[in-house]
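Letter by letter, the chains look like this.
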Amino acid sequence: QKEVEQNSGPLSVPEGAIASLNCTYSDRGSQSFFWYRQYSGKSPELIMFIYSNGDKEDGRFTAQLNKASQYVSLLIRDSQPSDSATYLCAPRRFRGGADGLTFGKGTHLIIQP
Amino acid sequence: SQTIHQWPATLVQPVGSPLSLECTVEGTSNPNLYWYRQAAGRGLQLLFYSVGIGQISSEVPQNLSASRPQDRQFILSSKKLLLSDSGFYLCAWSTGGSYNEQFFGPGTRLTVL
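Residues numbered from 1 in each chain as written. Chains lettered and ligands numbered in written order. Predicted model: local features only at pLDDT ≥ 70, side-chain atom pairs only at ≥ 80, totals over all residues. Heavy atoms only, no water.

Q: Would you mind showing me how to read the overall build of chain A here?
A: The helix and strand tally for chain A stands at zero helices and 11 strands. Ordered by position in the sequence, the α and β elements of chain A form the string β-β-β-β-β-β-β-β-β-β-β. Relative to its length of 113 residues, chain A is compact, with a C-alpha radius of gyration of 14 Å against a globular reference of 13 Å. Along the longest, intermediate and shortest principal axes, the C-alpha atoms of chain A span 45 × 30 × 25 Å. Looking at the 113 residues of chain A, the share that counts as buried comes to 46%. Look at the contacts in chain A between residues 6 or more apart in sequence, and 53% of them connect residues 24 or more apart. For chain A, the accessible area works out to roughly 5300 Å², and carbon and sulfur atoms hold 47% of it. Averaging the coordinates of the 12 positive side-chain charges in chain A and doing the same for the 11 negative ones gives two points 6 Å apart. (Helix = DSSP H or I, 4+ residues; strand = E, 2+ residues; numbered from the N terminus. Rg over C-alpha atoms; globule rule 2.2 N^0.38 Å. Buried < 20%, exposed > 50% of the residue type's maximum accessible area, 1.4 Å probe, protein only. Contact = heavy atoms within 4.5 Å. Areas by Shrake-Rupley, 256 points an atom, 1.4 Å probe, with all protein chains shown as cover. Lys, Arg positive; Asp, Glu negative; His and termini not counted. Charge placed at Lys NZ, Arg CZ, Asp CG, Glu CD.)

Q: Help me understand the side chain of threonine 108 of chain B in this model?
A: Residue and element names in this part refer to chain B. Its place among the elements puts threonine 108 in strand S11 (residues 108-112). A distance of 2.5 Å separates a polar side-chain atom of threonine 108 from the backbone oxygen of proline 8. Apart from the residues lying within four places of it in its own chain, the contact partners of threonine 108 are Gln6, Trp7, Pro8, Ala9, Leu21, Gly87, Phe88 and Tyr89. (Polar contact = N/O pair within 3.5 Å; in protein donor to acceptor, adjacent residues only side chain to side chain.)

Q: For this particular structure, what's the right way to read the sheet that holds strand S3 (residues 19-25) of chain A?
A: Each strand in a sheet pairs with another by means of backbone hydrogen bonds, the pair being arranged parallel or else antiparallel. All names here are of chain A. Spatially, five strands are ordered S1-S3-S8-S7-S6 in an open sheet, and the strand pairing comes out antiparallel. If you trace the sheet from one side to the other, it starts and ends with strand S1 (4-5) and strand S6 (54-58), each paired once. Bridging between strand S7 (residues 61-66) and strand S8 (residues 71-76) involves six bridges; their strand directions are antiparallel. Of the residues in S8, the one forming a bridge with leucine 65 is valine 72. (Pairing = 2+ DSSP bridges.)

Q: Where do I start with the nonpolar core in this structure?
A: Within soluble globular proteins, side chains that are nonpolar generally end up buried alongside one another. Of all hydrophobic cores here, the largest spans 22 residues; its most connected members are Trp35, Val72, Leu74, Ile76, Tyr87 and Leu109 of chain A. Of all the secondary structure elements, the ones that give two or more residues to this core are S3, strand S4 (33-38), strand S5 (45-50), S7, S8, strand S9 (85-95) and strand S11 (107-112) of chain A. It is S3 of chain A that contributes the most residues to this core, four residues altogether. Apart from residues lying up to four places away in sequence, isoleucine 76 of chain A is in contact with Ala17, Ile18, Ala19, Leu21, Arg60, Phe61, Asp83, Tyr87 and Leu109 of chain A. Ile4, Leu47, Leu81 and Cys91 of chain B belong to the second-largest nonpolar core, a separate cluster that totals 20 residues. (Core = buried A, V, L, I, M, F, W, Y, C linked by side-chain atoms within 4.5 Å.)

This is how it looks when you write it as C-alpha cells:
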C-alpha cells in the first residue's frame, strides 16, 4: 500500500463549480495534513493544513479530515481557471528523528472556462 | 517576511560530474531545512533534513550528500552524478513549530546527460 494515494487525474471541472480532491494515507500516526498547489514547472505552494477531524475553511478552500478513515480532502468552491494545477496532499510524519512530509503524486486539476 | 533562494535555476551536467546546489533563507533564524527531489512521474521525495548547523539526517541511501555550514544555508552535493539524479530539486524551510508548515524555494531543475 502506498503511503499517500491520490487520483492522478486529470480531473476536469467547469468554471464556477466545486472541485473535490481526495487523498488517503496509510500512516495512522500522521497528525497533520497539508495541501500544496503546484503549477507546471514551479515549486509547490502551501494552500492550507488541517490537524483536527472535521472541516477547516479558508476562503474558497475547505479541507476535510477523517482520521478513522485515513482520508483527507480539499474542496475548491467557485473554481477559477487559475486553479488549474496539480494539488499535492502531504501528511506530516516523524521517522528516524526527521520531521518531514510524505507527498502523494498529486491530482492534476483542470478548470474549464 | 521570509524568503528562500535557490541557485542555479537550471543545470545540465554530464554523468560523472560533481554537483553543488545552494539554498539560503532570509528573514528567519534557526529554521529547519529540507532537500526534496521530484523526478519525472514521481512524487516529491525527502532527501535530507536539518535542524541546525552541521546536523543532517538522510532519508534515503544515494550518492548525494548535504551540508549546512551556516544557520540559513543548505547545500546539496554529489561527487559523481548518475542519470537517475535528474529531477527537480527543491529546498524547503520550516519553523519547526507545532504544525511545522514547510515553504518551498523556486527549485533547481537538473538534467544529467
